[in-house]
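# Coordinates in review
Residues per chain, in single letters:
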Amino acid sequence: LAKTTQPISMDSYEGQEVNITCSHNNIATNDYITWYQQFPSQGPRFIIQGYKTKVTNEVASLFIPADRKSSTLSLPRVSLSDTAVYYCLVAADTGRRALTFGSGTRLQVQP
Amino acid sequence: SQTIHQWPATLVQPVGSPLSLECTVEGTSNPNLYWYRQAAGRGLQLLFYSVGIGQISSEVPQNLSASRPQDRQFILSSKKLLLSDSGFYLCAWTRTPAYEQYFGPGTRLTVT
């Protein structure tokens, strides 16, 4: 599984756009990039997944450059409830499909 | 719709005692099932996964074991708990062919 590197923590204020970047230099051709959100004492929750270019859903956008060696999760106009840990994962949609979670990025949104 | 259940929600057990955590999935068939453990302030560590009844793969050597007696039931066990077994245990499943994993509410285990 490709190793990912993301900032340990980030701070923001309500209403701002937050961009969390993840690097995955050894991503493989059949790997997808997936982001999860985890609140304290809860299991992670799927946010968004992409392979290349840009993906957008009702929660976030995911930007992936052509070389796919990094990706950026964009959260528009964050609120206090977006305070959580965000995980970037890279893995192929084959075989056991087990996920390797790193330490994630702890986002703190201030009022 | 699919739902995943875990119980108990919290558990306090003495060192050396046995353990049994249960996970069940509703609303789907033949899911891939996973057990993860999360230490305080850390990421998730994959412990076991199963692609079918009776098929268990272990990721980390330890004093834990897993079983899948039914298609949608996954059990995590230990004969003798260690202090290092304390943590937040999460069960998850995947729906073929999508790669998205769905996590249960978790069990917080404290070994004293």
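This text gives an overview of the structure that appears in the document. This structure is a prediction, so every number in the text was calculated from the model and none was measured. (Residues numbered from 1 in each chain as written. Chains lettered and ligands numbered in written order. Predicted model: local features only at pLDDT ≥ 70, side-chain atom pairs only at ≥ 80, totals over all residues. Heavy atoms only, no water.)

What follows is about the side chain of B:R68. Residue and element names in this part refer to chain B. For R68, the location among the structural elements is in strand β7 (residues 64–70). The class for R68 is buried, based on a relative accessible area of 3%. When near neighbours in sequence (up to four residues on either side) are disregarded, R68 contacts N30, P31, L33, S50, V51, G52, I53, G54, I56, Q73 and F74. (Helix = DSSP H or I, 4+ residues; strand = E, 2+ residues; numbered from the N terminus. Buried < 20%, exposed > 50% of the residue type's maximum accessible area, 1.4 Å probe, protein only. Contact = heavy atoms within 4.5 Å.)

The next point concerns the environment of B:L81. All names here are of chain B. Looking at where L81 falls in the secondary structure, it is placed in the loop between β8 (73–78) and β9 (87–94). On the basis of relative accessibility, which here comes to 0%, the residue L81 falls in the buried class. Sequence separation between L81 and G16 is 65 residues, and the spatial gap between their C-alpha atoms is 4.8 Å. Dropping the residues within four chain positions of it, L81 is found in contact with Q13, P14, V15, G16, S17, P18, L19, N63, L109 and V111.

All names here are of chain B. Counted residue by residue, strand β5 (residues 44–52) has seven buried out of nine residues, so it is predominantly covered. Sheet topology places strand β4 (residues 32–38) next to β5; six bridges connect them, and they run antiparallel. Directly across from Y34, in β5, lies its bridge partner Y49. The turn linking β4 back onto β5 is made up of five residues, and G41 within it adopts a positive phi angle of 70°. With antiparallel pairing between neighbouring strands as the criterion, β5 and strand β6 (residues 55–58) make up a hairpin whose turn holds two residues, including G54 at a positive phi of roughly 75°. (Pairing = 2+ DSSP bridges.)

Let us now look at the pattern of salt bridges. All names here are of chain B. Per the stated rule, a full pass over the model turns up two salt bridges over all chains. For D85, the salt bridge goes to R37, with nearest N and O atoms at 3.5 Å. A residue pair is termed long-range when its members are at least 10 positions apart, and D85 in the loop between β8 and β9 and R37 in strand β4 qualify at 48 residues. Neither residue differs from the other here; D85 and R37 are each classed as buried. Among the ionic pairs, R68 bridges to D71, the shortest N-O distance being 3.3 Å. For D71, a relative accessible area of 21% gives the class partly exposed. (Salt bridge = Lys/Arg side-chain N within 4 Å of Asp/Glu carboxyl O.)

This next bit is on the sheet that holds strand β7 (residues 70–75) of chain A. All names here are of chain A. Spatially, the four strands line up as an open sheet ordered β2-β7-β6-β5, and their pairing is antiparallel. Of all the strands in the sheet, just β2 (18–23) and β5 (53–56) have a single pairing partner and so form its edges. Each adjacent strand pair in this sheet contributes to an overall mean axis angle of 15°, direction not counted. Note: β2 against β7, six bridges, orientation antiparallel. If you follow I20 over to β7, its bridge partner there is L73. (Axes fitted to C-alpha atoms, helices over the stretch in contact; angles between N-to-C directions.)

Looking now at the state of the cysteines. By the definition in use, this model includes two disulfides over all chains. The residue that forms a disulfide with A:C22 is A:C88, at a sulfur-sulfur distance of 2.2 Å. Every disulfide takes its handedness from the sign of the S-S torsion; for A:C22 and A:C88 that torsion is -80°, giving left-handed. Note that A:C22 is positioned in strand β2 and A:C88 in strand β8 (residues 84–92), a separation of 66 residues in sequence. Each of the two residues, A:C22 as well as A:C88, counts as buried. A sulfur-sulfur distance of 2.0 Å marks the disulfide that ties B:C23 to B:C91. Given an S-S torsion of about -75°, the disulfide between B:C23 and B:C91 has left-handed geometry. Here B:C23, found in strand β3 (residues 19–26), pairs with B:C91, found in strand β9; they are 68 residues apart in sequence, far enough to count as distant. B:C91 matches B:C23 in its accessibility class, with the two residues each being buried. (Disulfide = S-S within 2.5 Å.)

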